[in-house]
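Okay, here's what each chain looks like letter by letter:
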Amino acid sequence: MERRSFVKLGAIGLAASIVKPGFASEDSVANPVLSDYKGGAKMISTWSHGLEANRAGWEKLKSGGTSLDAVEAGARQTESDVKNRSVGIGGMPDREGHVTLDACIMDWESNCGSVGYLEGIAHPISVAKHIMQNTPHVMIVGAGAKQYALKHGFETIKTPLPEVKKEWEKWKKEQAAIAKKPAINHENHDTIGLLAIDEAGRISGACTTSGWAYKLPGRLGDSPIIGSGLFVDQEVGGAVATGLGESIIRIAGSHTVVELMRQGKSPEQACKETVERLIRKHKDMTGLQCAFIAINTKGEVGGFSVYNGFNYALKTTTQDELIDTPFDRKW
Ligand code: SD4
């Protein structure tokens, strides 16, 4: 077949896929695989801001919302936190002073949506969900993502915030070296990744960030990449990542965690082996923090980080707490 007709057929396929079932909808058909789940609703989110995010998500779960509603609500909570320097409105800019946001979302039917390099929009996670539910695409970035968000009436914001702009101006004066790797830890870099399982056993995940502070313009990390920053497979479970995106992409981190769970590993063991693989792929781990958290279809959860200092928030009907993960090494 000539390439041109192949492309044309592909386009017809694409148009057909716009109406195909399998597109996420608010009232997605229950997956029969899920009927046995008895573990109750549960939500886990990275870092201490995960506590507030979980509480926002829990409001949805409590009132019969799905895990997808919960992770979106949780992510939106952190995106609107003006004190958070790594997510949403309070995020740190790139080298040229632009706050560009990355986010992705995935549900139990393997529907997924993603935005990258999105500037001036309050809730990238909801744009990602909108893309997932209303287009045949998974990922829309940059000017196209902005155009999409504006067209669909998403709330706009002005970034960076004045205090963030001041910090950036100070940094600019100091002329930080371009190749210098920033220390990624709780203080300066704390993307939120969320996973939820609802009463029906449906797993969804979300991830949202402003990424590496003072990154090169155009840089995308792992957070908008399905399989790196987030992966969900209802046959197995879900995982999210936080830390230096370049390292996480290198091993398709979240997908790796899920595949290890598929082989029978517990969430914690799968996260540990993924961290160990990541470490094996880097000659120099100085300052390179990365962590994963995961949930399986039994509702078991766990996490693991390269360095100490990483924690995640857990919410169930009886728990609302922060859990320090085991780690490979100390700072
Ligand atoms: C990134 N993974 O853009 C994100 C940042 C992050 O904790 O997770 N920080 O590389």
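Treat the numbers as computed from the prediction; the structure is a model and nothing was measured. (Residues numbered from 1 in each chain as written. Predicted model: local features only at pLDDT ≥ 70, side-chain atom pairs only at ≥ 80, totals over all residues. Heavy atoms only, no water.)

Novice: Kindly report on the packing of helix α8 (residues 253-262) against helix α9 (residues 267-280), identifying the contributing residues and their values.
Specialist: For the pair α8 and α9, interaxial distance at closest approach is 8 Å and the crossing angle is 135°. It follows from the interaxial angle that α8 and α9 lie oblique. Between α8 and α9 lies a crossing of right-handed hand. On α9, the residues that touch Gly253, Thr256, Val257, Leu260 and Met261 of α8 are Pro267, Ala270, Cys271, Glu273, Thr274 and Arg277. Counted by class, the contact of α8 with α9 contains 6 nonpolar, 3 polar and 2 charged residues. (Axes fitted to C-alpha atoms, helices over the stretch in contact; angles between N-to-C directions. Helix = DSSP H or I, 4+ residues; strand = E, 2+ residues; numbered from the N terminus. Parallel < 35°, antiparallel > 145°, perpendicular 65-115°, else oblique. Left-handed = near helix turned anticlockwise from the far one by under 90°. Contact = heavy atoms within 4.5 Å. Nonpolar A, V, L, I, M, F, W, Y, C, P; charged D, E, K, R; others polar.)

Novice: How would you summarise the packing of aromatic side chains if you had to cite specific residues and measurements?
Specialist: Within the structure shown, the criterion is met by 3 aromatic pairs. Taking the centre distance of 4.9 Å and the plane angle of 90° together, the rings of tryptophan 47 and phenylalanine 310 count as edge-to-face. Placement of tryptophan 47 in the loop between β1 (42-46) and α2 (50-62) and of phenylalanine 310 in the loop between β10 (301-307) and β11 (311-315) is noted, with a sequence separation of 263 residues between them. We note that tryptophan 47, like phenylalanine 310, is buried. Ring geometry for tryptophan 171 against tyrosine 214: centres 4.2 Å apart, planes inclined by 15°, an arrangement best described as stacked. Of this pair, tryptophan 171 sits in helix α6 (residues 162-174) while tyrosine 214 sits in the loop between β6 (203-209) and β7 (230-233), and the two are 43 residues apart along the sequence. Geometry around tryptophan 108 places arginine 202 over its ring, the cationic atom sitting 5.1 Å from the centre. Over the ring of tryptophan 58 we find lysine 315, and its NZ or CZ is 5.0 Å from the ring centre. (Phe/Tyr/Trp six-rings, centres within 6.5 Å; stacked < 30°, edge-to-face > 60°. Buried < 20%, exposed > 50% of the residue type's maximum accessible area, 1.4 Å probe, protein only. Lys NZ or Arg CZ within 6 Å of the ring centre and 35° of its normal.)

Novice: Outline the sheet that holds strand β13 (residues 327-329), supporting the account with residue identities and numerical values.
Specialist: As a general point, the strands of a sheet are linked pairwise by backbone hydrogen bonds and lie either parallel or antiparallel. One open sheet accounts for 5 strands, arranged β7-β8-β9-β10-β13; its pairing is mixed. Across the chains shown, the open sheet's two edge strands, defined by having one partner strand only, are β7 and β13. Taken over all neighbouring pairs, the strand axes of this sheet differ in orientation by 10° on average, direction set aside. When strand β9 (residues 290-296) meets β10, the two strands line up antiparallel, connected through 5 bridges. Looking at the pairing, alanine 291 lines up with serine 305 of β10. Sitting on the sheet, α8 touches β7, β8 (237-243) and β9, and the angle it makes with β8 is about 145°. Across the sheet, α9 is in contact with β9, β10 and β13; its angle to β10 comes to roughly 25°. (Pairing = 2+ DSSP bridges.)

Novice: Pulling in residues and values, what's your account of the nonpolar core?
Specialist: If you look at the biggest cluster of nonpolar residues, it comprises 44 residues, and the most contacted ones within it are Leu230, Val257, Leu278, Phe292 and Val306. Ranked by residues supplied to this core, first place goes to β9 with 6 residues. The next biggest cluster of nonpolar side chains, apart from the first, holds 30 residues, and it includes Trp58, Leu61, Ile105 and Trp108. (Core = buried A, V, L, I, M, F, W, Y, C linked by side-chain atoms within 4.5 Å.)

Novice: Lay out the environment of isoleucine 226 with the relevant residues and their values.
Specialist: Relative to the elements of secondary structure, isoleucine 226 occurs in the loop between β6 and β7. Overall, the relative accessible area of 24% leaves isoleucine 226 in the partly exposed class. Between the C-alpha atom of isoleucine 226 and that of cysteine 104, which follows or precedes it by 122 residues, the distance is 7.1 Å. If sequence neighbours within four positions are ignored, isoleucine 226 has contacts with Cys104, Ile105, Met106, Cys112, Gly113, Val138 and Phe231.

Novice: Can you break down the confidence of the model for the chain residue by residue, with the values?
Specialist: Per-residue pLDDT for the chain has a mean of 88; in total, 85% of the residues score no lower than 70. Counting interchain partners and residues more than four positions distant, the pLDDT-below-50 stretch residues 1-30 has 27 contacts. (pLDDT = per-residue confidence, 0-100.)

Novice: Break down the pattern of salt bridges for me, citing the residues and quoting the values.
Specialist: Applying the stated criterion across every chain yields a total of 15 salt bridges. A salt bridge links arginine 219 to glutamate 246; the shortest N-O distance between them is 2.7 Å. Pair noted here: arginine 219 is in the loop between β6 and β7 and glutamate 246 is in helix α7 (residues 245-250), with a separation of 27 residues, a long-range link. In this structure arginine 219 comes out as buried when scored by relative accessible area, which is 12%. According to the relative accessible area criterion, glutamate 246 is partly exposed, its value standing at 28%. (Salt bridge = Lys/Arg side-chain N within 4 Å of Asp/Glu carboxyl O.)

Novice: Describe the state of the cysteines, naming the residues involved and giving the relevant values.
Specialist: What the rule picks out here adds up to 0 disulfides. Free cysteine cysteine 104: the closest other cysteine sulfur is in cysteine 207, separated by 5.3 Å. Looking at the unpaired cysteine 112, the closest cysteine sulfur is the one in cysteine 104, lying at 8.1 Å. Residue class for cysteine 112 comes out buried when judged on its relative accessible area of 14%. (Disulfide = S-S within 2.5 Å.)

Novice: Any details on the pairing of β8? Residues and values, ideally.
Specialist: Consecutive side chains of a regular strand alternate in pointing toward one face of the sheet and then the other. In terms of residue burial, β8 counts as a mostly covered element, since 7 of its 7 residues are buried. Both faces of β8 are covered, namely the face carrying Gly237, Ala239, Ala241 and Gly243 and the face carrying Gly238, Val240 and Thr242. The hairpin turn running from β7 into β8, its antiparallel successor, is 3 residues long.

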